[in-house]
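# Summary of the model geometry
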Amino acid sequence: MSDRLPPLTALRAFDAAARHMSFALAAAELNVTPAALSFQIKSLEEHLEQPLFKRLNRAVELTEAGRTLAPGAADGFQTLTEAWRATRKLQDNTSLTVTAGPALTAKWLAPRLYDFARQHPDIDLSFSATLRVMDMHRDDIDVAIRFGYGPDVGLYSVPVRKEWLTPVMSPELAEQFPTPESLTRAPLIFDDSIAFLRPPCDWATWFRAVGVQCNPEHGTHFSNADHAVDAAVAGVGAVLGRRAMIIKDLQEGRLVAPFKIAIESTGRFRFLCLPGVEERPQVKAFRDWFVAEIDKTAHISEEFDIIPVEDVPPT
């Protein structure tokens, strides 16, 4: 039997039918008639000299040959699609798709994007705000901004400043709790999105850093950092806020940081893309803008005594 591949159109018809387990749905996906799709699959079966589907009254089933061919066909078309998409992007210098966490997008990126748009009106920017670690080969993503540790195997990575955390609250609430000791009686907000950090950057750690023995367990918990910060703005309580999440609210007076002691986490944001993609004009422009925007507020760190979390005395 010859190893010569059958026509690509016939393999594509088979792949669609195997995914949908329906000739009608596969035909609709490929924008052909069911008769045309059936003809393509029949020609493929003749080329292979064995059936790929069992034709039932109202359904189809894969034969053993069909089950053997289906995974390879699906992988092959996925690989071909990725290669085609990557090749087309080589000529695209005007569109940019960025993924970042919902909290960073809401609290840091979105309020600043007008500046990037003003500087680069020719770039069409799209955002995917998700906590899912997207596959930059498969998900049509140009740039990822991620927080944590990595590892970022096989990616171009630009690490930026580590995140520090300090208690923030509404100005009204700050008047009621003027000292770290009094804060032990305050309503506390917990940002559970950073529970993965090691050593922990939680309320108990911050209290130890300022010499107060307190291991709070009760309060309002949020799974998203931006929700925790928004609750603090609304006066619900004090939150141990990350720099990137609180900086704009601090600058505009919605929050205050009355205690100028912060703990520095071991996690950090990283600017990520596939190797070589960093040289594309729109990616380079976004990287340079991102780093410059972070540098604009670097001076605020000088207002705090920042203690690396590794230096905080253990319990």
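One structure accompanies this document, and this report is about it.

So, how was this worked out
- Residues numbered from 1 in each chain as written.
- Predicted model: local features only at pLDDT ≥ 70, side-chain atom pairs only at ≥ 80, totals over all residues.
- Heavy atoms only, no water.
- Helix = DSSP H or I, 4+ residues; strand = E, 2+ residues; numbered from the N terminus.
- Rg over C-alpha atoms; globule rule 2.2 N^0.38 Å.
- Buried < 20%, exposed > 50% of the residue type's maximum accessible area, 1.4 Å probe, protein only.
- Contact = heavy atoms within 4.5 Å.
- Areas by Shrake-Rupley, 256 points an atom, 1.4 Å probe, with all protein chains shown as cover.
- Lys, Arg positive; Asp, Glu negative; His and termini not counted.
- Charge placed at Lys NZ, Arg CZ, Asp CG, Glu CD.
- Salt bridge = Lys/Arg side-chain N within 4 Å of Asp/Glu carboxyl O.
- Polar contact = N/O pair within 3.5 Å; in protein donor to acceptor, adjacent residues only side chain to side chain.

### A word on the overall build of the chain
Within the chain, the secondary structure is distributed over 12 helices and 11 strands. For 315 residues, the compact-globule formula gives about 20 Å, and the C-alpha radius of gyration of the chain, at 27 Å, lies well above that figure. The burial tally for the chain puts 46% of its 315 residues in the buried class. Taking all contacts inside the chain whose residues are at least 6 apart in sequence as the whole, residues at least 24 apart take part in 79%. Of the roughly 16400 Å² of accessible surface on the chain, a fraction of 54% belongs to carbon and sulfur atoms. Computed over 33 positive and 42 negative side-chain charges, the separation of the two mean positions in the chain equals 4 Å.

### Observations concerning the pattern of salt bridges
Evaluation of the coordinates by the stated rule reveals 20 salt bridges. Between Arg270 and Asp152 there is a salt bridge; the shortest N-O distance is 2.9 Å. With Arg270 in strand β10 (residues 261-273) and Asp152 in the loop between β5 (143-148) and β6 (156-168), the pair connects residues that are 118 residues apart, well separated along the chain. With respect to burial, Arg270 and Asp152 carry one shared label: buried. Here Arg287 ties to Asp288 by a salt bridge, and the two come within 3.4 Å at their closest N and O atoms. The class of Asp288 is partly exposed, set by a relative accessible area of 36%. Among the ionic contacts, a cluster of salt bridges with common partners joins Lys107, Asp230, Lys248, Asp249, Glu252 and Arg254.

### Quick notes on the side chain of Arg146
Within the secondary structure, Arg146 is located in strand β5. For the buried Arg146, no salt bridge exists, and the shortest N-O distance to an oppositely charged side chain is 4.5 Å, to Asp152. From its side chain, Arg146 meets the backbone oxygen of Met134 in a polar contact 2.8 Å long. Those residues in contact with Arg146, other than ones at most four positions away along the chain, are Val133, Met134, Met136, Leu155, Arg268, Phe269, Arg270 and Leu272.

### A closer look at unusual backbone geometry
Along the chain, Gly150 connects to Pro151 via a cis peptide bond; the corresponding omega equals 5°. Following the sequence through the fold, Pro151 ends up in the loop between β5 and β6. Residue Pro199 is bonded to the preceding Arg198 through a cis peptide linkage, with omega at -5°. Mapped onto the fold, Pro199 is located in the loop between β7 (188-191) and α9 (203-209). Phi at Asn31 is positive, roughly 60°, even though this residue is not glycine. You can see Asn31 is positioned in the loop between α2 (23-30) and α3 (34-48). At Asp140, a residue that is not glycine, the phi angle is positive and equals roughly 60°. Relative to the helices and strands, Asp140 is located in the loop between β4 (124-129) and β5.

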